[in-house]
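# Secondary and tertiary structure notes
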Amino acid sequence: MNILDKPKELMKKIPFKHRMKDFGLLIAAIVFYAVGTSFFFGPSGLTPGGLSGIAMTLERFDFLPFGKGIIVLILNVPVIILGIRKFGWRFFASTIAAILGSSGLMELLDNFAVPQNYSIDPLPAALGGGVLIGISVGCVLRARATFGGTDIIVKVLRLRFRYMQTGTFYIFVDGAIVVFGTVCAMLQKGGISLENFSPDILIYSVIAIFVQSHFANMVLYGSDEARMIYIITTKEAEISERINKELHSGVTYLQGKGAYTENDRQILMCAMRKQQLPGAKTIVLQEDPAAFMIVTSASQVLGKGYKSLDEEEL
């Protein structure tokens, strides 16, 4: 059973230093999210996705007496109820803090920091806002929380479809919200027609979503990427010993046999972080210049020295 299905057990196992790290990530996520929304997406007219995208779309109709921060809070209520039923109360303590913190900071920035006539071009808004929101989403998920809204929906979907990365889900969910924002923008101009359609806003909103997805995946999965190397050599003992001692990386012997020579060989297999690869190449070159070395990418490595096998899937 995935530990997302057992939030109480998960919370009990988190050491104090990890809780402090989560707290720092949560604060950073709140700041990045509020700045990206208030200084980039809001003044540009883009629909960035998420409940903040829906809130900004509704805010532009000018029929509500409050800002997007309050709208986000209201929209979050039914989604939070769904999330509590799925993950439990204790898990959602940090999520509620993230929602209140980001909504409150957005209101403060909109009322006291963002100039009244401030605007930004769509392209820099899509790039800058996408980077900030993407990093904030990655940080808040790493802090074992969410910003509510579509984050909760994505987290539920992630439990069902484990083979897909989190950022990929955001592309589909936020894409639907961008379509909603585009339709609302057309209605605001007078109706659904080609003359009221703004392709530039739609294109820049899509760009923002892909940038956001990329940086969210980078924060969530970037550190997991490693290199898998296979070494066919006559100096397997010397090479494996140096990789163990100098690179602090484990080595596994695989039994192999040459198809041409029919000689039995021990093949070295080793998973290591990307920055360790040049050191491994140097060791192999020094010990056996005639060795055969295969290097492949490992998108995720689980176990000792890497992410725990039972760590929460983000």
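Definitions and limits used
- Residues numbered from 1 in each chain as written.
- Predicted model: local features only at pLDDT ≥ 70, side-chain atom pairs only at ≥ 80, totals over all residues.
- Heavy atoms only, no water.
- Helix = DSSP H or I, 4+ residues; strand = E, 2+ residues; numbered from the N terminus.
- Buried < 20%, exposed > 50% of the residue type's maximum accessible area, 1.4 Å probe, protein only.
- Areas by Shrake-Rupley, 256 points an atom, 1.4 Å probe, with all protein chains shown as cover.
- Salt bridge = Lys/Arg side-chain N within 4 Å of Asp/Glu carboxyl O.
- Phe/Tyr/Trp six-rings, centres within 6.5 Å; stacked < 30°, edge-to-face > 60°.
- Core = buried A, V, L, I, M, F, W, Y, C linked by side-chain atoms within 4.5 Å.
- Contact = heavy atoms within 4.5 Å.
- Axes fitted to C-alpha atoms, helices over the stretch in contact; angles between N-to-C directions.
- Parallel < 35°, antiparallel > 145°, perpendicular 65-115°, else oblique.
- Left-handed = near helix turned anticlockwise from the far one by under 90°.
- Patch = residues over 30% accessible without salt bridge, like charges linked within 9 Å, V, L, I, M, F, W, Y side chains within 5 Å.
- pLDDT = per-residue confidence, 0-100.
- Polar contact = N/O pair within 3.5 Å; in protein donor to acceptor, adjacent residues only side chain to side chain.
- Pairing = 2+ DSSP bridges.
- Nonpolar A, V, L, I, M, F, W, Y, C, P; charged D, E, K, R; others polar.

### Here's the deal with the overall build of the protein chain
In terms of regular secondary structure, the protein chain is built from eleven helices and four strands. Burial statistics for the protein chain: of 314 residues in total, 45% are counted as buried. When the accessible surface of the protein chain is totalled, it reaches about 16300 Å², and 63% of it is carbon and sulfur.

### Some words on the pattern of salt bridges
Applying the stated rule across the entire model yields three salt bridges. Note that arginine 242 is salt-bridged to glutamate 246, the shortest N-O span being 2.8 Å. With a gap of four residues between them, arginine 242 and glutamate 246 both fall in helix 10 (residues 236-247), about one helical turn apart. For glutamate 246, a relative accessible area of 44% gives the class partly exposed. A cluster of three or more residues bridged by salt bridges with shared partners is formed by Arg242, Glu246 and Glu287.

### Some thoughts on the packing of aromatic side chains
With the rule as written, the count across this model stands at two aromatic pairs. Between phenylalanine 39 and tyrosine 118 the ring centres are 6.2 Å apart and the planes differ by 70°, which places this aromatic pair in the edge-to-face class. Here phenylalanine 39 is found in helix 2 (residues 16-44), whereas its partner tyrosine 118 is found in the loop between helix 5 (92-113) and helix 6 (122-142), with 79 residues between them in sequence.

### Focus: the nonpolar core
With 34 residues, the main nonpolar core has Leu26, Phe41, Val137, Val140, Leu141 and Phe147 as its most contacted residues. For valine 137, the residues in contact, after removing those within four places along its chain, are Phe147, Tyr170, Gln212 and Ala216. Grouped together as the second largest cluster of nonpolar side chains are 13 residues, Ile243, Leu247, Leu268 and Leu277 included.

### Focus: the packing of helix 2 against helix 5
At a minimum axis separation of 9 Å, helix 2 and helix 5 run at an interaxial angle of 40°. It follows from the interaxial angle that helix 2 and helix 5 lie oblique. Every pair of crossing elements has a handedness; the one defined by helix 2 and helix 5 is right-handed. Only Ser94, Ala97, Ala98, Gly101, Ser102, Leu105, Met106, Leu109, Asp110 and Ala113 of helix 5 make contact with helix 2, whose side of the interface consists of Leu26, Ile30, Val31, Tyr33, Ala34, Val35, Thr37, Ser38 and Phe39.

### Description of a nonpolar patch on the surface
A cluster of nonpolar side chains, Phe16, Met20, Phe23, Ile27 and Val31, forms an exposed patch at the surface whose accessible area comes to about 510 Å². Here phenylalanine 16 lies in helix 2.

### Thoughts on the confidence of the model for the protein chain
Chain-level statistics for the protein chain give a pLDDT mean of 80 and a share of 86% at 70 or above. Taken together, the stretch residues 1-12 has pLDDT below 50 and engages in 24 contacts with residues farther than four places along the chain or on a different chain.

### Examining the environment of aspartate 288
Residue placement: aspartate 288 occurs in the loop between helix 11 (277-287) and strand 4 (292-298). Along the backbone, aspartate 288 and isoleucine 232 are 56 residues apart, and their C-alpha atoms lie at a distance of 9.9 Å. When sequence neighbours within four positions are dropped, the list of residues in contact with aspartate 288 reads Thr233, Thr234, Lys235 and Ile239. Side chain to side chain, aspartate 288 and threonine 233 meet in a polar contact 2.5 Å long. A polar side-chain atom of aspartate 288 sits 3.4 Å from the main-chain amide nitrogen of threonine 234.

### Overview of unusual backbone geometry
A positive phi angle, close to 55°, is found at histidine 248, a residue other than glycine. Among the secondary structure elements, histidine 248 is positioned in the loop between helix 10 and strand 2 (252-257). Here the phi dihedral of glutamate 262 falls at roughly 60°; this positive angle occurs in a residue that is not glycine.

### Things to note about the sheet that holds strand 4
Read from one edge of the open sheet, four strands run 2-3-1-4, paired in antiparallel fashion. The open sheet terminates on both sides in strands that have one partner only, identified here as strand 2 and strand 4. If you compare each strand with its neighbour and ignore which way they point, the axes differ by 25° on average. Sheet analysis places strand 1 (residues 226-232) next to strand 3 (residues 264-273), joined by seven bridges and oriented antiparallel. Bridging from a neighbouring strand, tyrosine 230 pairs with methionine 269 of strand 3. On top of the sheet, helix 10 reaches strand 1, strand 2 and strand 3; it is set at about 15° to strand 3, its chief contact. Together, strand 1, strand 3 and strand 4 form the strand contacts of helix 11, whose direction differs from that of strand 4 by roughly 170°.

### Here's the deal with the packing of helix 4 (residues 68-87) against helix 5
Put simply, helix 4 and helix 5 touch, their axes get as near as 10 Å, and they point 175° apart. Considering their axes alone, helix 4 and helix 5 lie roughly antiparallel with respect to each other. Along the contact surface, helix 4 presents Lys68, Gly69, Ile70, Val72, Leu73, Asn76, Ile80, Gly83, Ile84 and Phe87, while helix 5 presents Phe92, Ile99, Leu100, Ser103, Met106, Glu107 and Asp110. Its residues assigned to classes, the contact of helix 4 with helix 5 shows ten nonpolar, four polar and three charged.

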